[in-house]
Amino acid sequence: TETNLIQGTGNMGPMVTEAGSIHSDEPCNILHVIVGRDAFPGLRERKLFFNSDEELAKSTKLCSEIFGRKAELLKVAGMGEISVAFPQPPRYPRFVMFVANSQTEEWSENRVSRDMWPSFLNLLELNRLKRAYTLQRIHKEVRPTSHIYLGMQPSIGGHKAPTPE
């Protein structure tokens, strides 16, 4: 997968030229990357969707490093988010969304959107909810395509946050 990722991100010149022609102070472009036909070819046990967790963690770290090395190029292209799909046949693909930190220019994973189809994050306004609440994904084992979150209000002005019901 490292070779596929590096080869795929190495030819970003035409994308930068086209995307960079529109100037904006806010990064508004989203890059979608699909890692081959099978992102985890060494994975033997494929009965469960989450069996690839260990390999996905390695690939996520690698992606973050690669995007960090290409930070200037991605900034010029106006990239604000990068969605990476990791196919794992015969199961649904794994999805990881990366966001740029404007101060450090580092790319980090948006954990709320892990394994969520890229468009759902914006449709469900999870980033907006994340600003007002602490979101914790629960019942991960129900179904890989189900996302149930527990939202807790942070404590305000020294008052303890209410307990979740």
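Description of the structure in this document. (Residues numbered from 1 in each chain as written. Predicted model: local features only at pLDDT ≥ 70, side-chain atom pairs only at ≥ 80, totals over all residues. Heavy atoms only, no water.)

1. Considerations on empty space enclosed by the protein
Part 1 of the argument: Tallying each qualifying case throughout the model produces 2 cavities of 30 Å³ or more.
Part 2 of the argument: Counting residues per element, the lining of the largest cavity draws most heavily on strand 3 (residues 91-100), which supplies 3 residues.
Part 3 of the argument: Residues of the lining of the largest cavity, tallied by class, amount to 7 nonpolar, 2 polar and no charged.
Part 4 of the argument: Forming the walls of the second largest cavity are F49, Y92, P93, F95, D115, W117, P144 and T145.
Part 5 of the argument: Within the lining of the second largest cavity, the residues separate by chemical class into 6 nonpolar, 1 polar and 1 charged. (1 Å grid on protein atoms, 1.4 Å probe; cavity = no way out; pocket = protein on both sides within 12 Å on 5 of 7 lines; lining within 4 Å. Points joined across faces, edges and corners; volume = space filled by probe spheres on them. Helix = DSSP H or I, 4+ residues; strand = E, 2+ residues; numbered from the N terminus. Nonpolar A, V, L, I, M, F, W, Y, C, P; charged D, E, K, R; others polar.)

2. Some thoughts on the nonpolar core
Part 1 of the argument: F67, L74, I82, V84, F86, F98 and W107 are the most contacted members of the largest nonpolar core, which has 21 residues in total.
Part 2 of the argument: Within the residue set of this core, elements represented by two or more residues are strand 1 (29-34), helix 3 (53-69), helix 4 (71-76), strand 2 (79-88) and strand 3.
Part 3 of the argument: Sort the elements by how many residues they give to this core and helix 3 lands first, with 5 residues.
Part 4 of the argument: One finds M97, V112, L121 and L126 within the second-largest nonpolar core, a separate group that totals 5 residues. (Core = buried A, V, L, I, M, F, W, Y, C linked by side-chain atoms within 4.5 Å. Buried < 20%, exposed > 50% of the residue type's maximum accessible area, 1.4 Å probe, protein only.)

3. Section: the packing of aromatic side chains
Part 1 of the argument: This structure, assessed with the given rule, holds 5 aromatic pairs.
Part 2 of the argument: Aromatic pair F95 and W117: ring centres 4.6 Å apart, planes at 50°, arrangement tilted. Of this pair, F95 sits in strand 3 while W117 sits in the loop between strand 4 (107-109) and helix 5 (118-123), and the two are 22 residues apart along the sequence.
Part 3 of the argument: Assessed through its relative accessible area of 6%, F95 is described here as buried.
Part 4 of the argument: A connected cluster of aromatic rings, assembled from ring pairs, spans F67, F98 and W107. (Phe/Tyr/Trp six-rings, centres within 6.5 Å; stacked < 30°, edge-to-face > 60°.)

4. Regarding the pattern of salt bridges
Part 1 of the argument: The final tally for this structure, using the stated rule, is 8 salt bridges.
Part 2 of the argument: Two residues, D115 and R94, come together in a salt bridge whose shortest N-O distance is 2.6 Å. With D115 in the loop between strand 4 and helix 5 and R94 in strand 3, the pair connects residues that are 21 residues apart, well separated along the chain. Side by side, D115 and R94 carry an identical accessibility label, which is buried.
Part 3 of the argument: Between E109 and R111 there is a salt bridge, with its nearest N and O atoms 3.6 Å apart.
Part 4 of the argument: A relative accessible area of 18% places E109 in the buried class.
Part 5 of the argument: Judged by relative accessible area, R111 falls into the exposed class, the value being 56%.
Part 6 of the argument: The network of salt bridges with common partners includes D53, R94 and D115. (Salt bridge = Lys/Arg side-chain N within 4 Å of Asp/Glu carboxyl O.)

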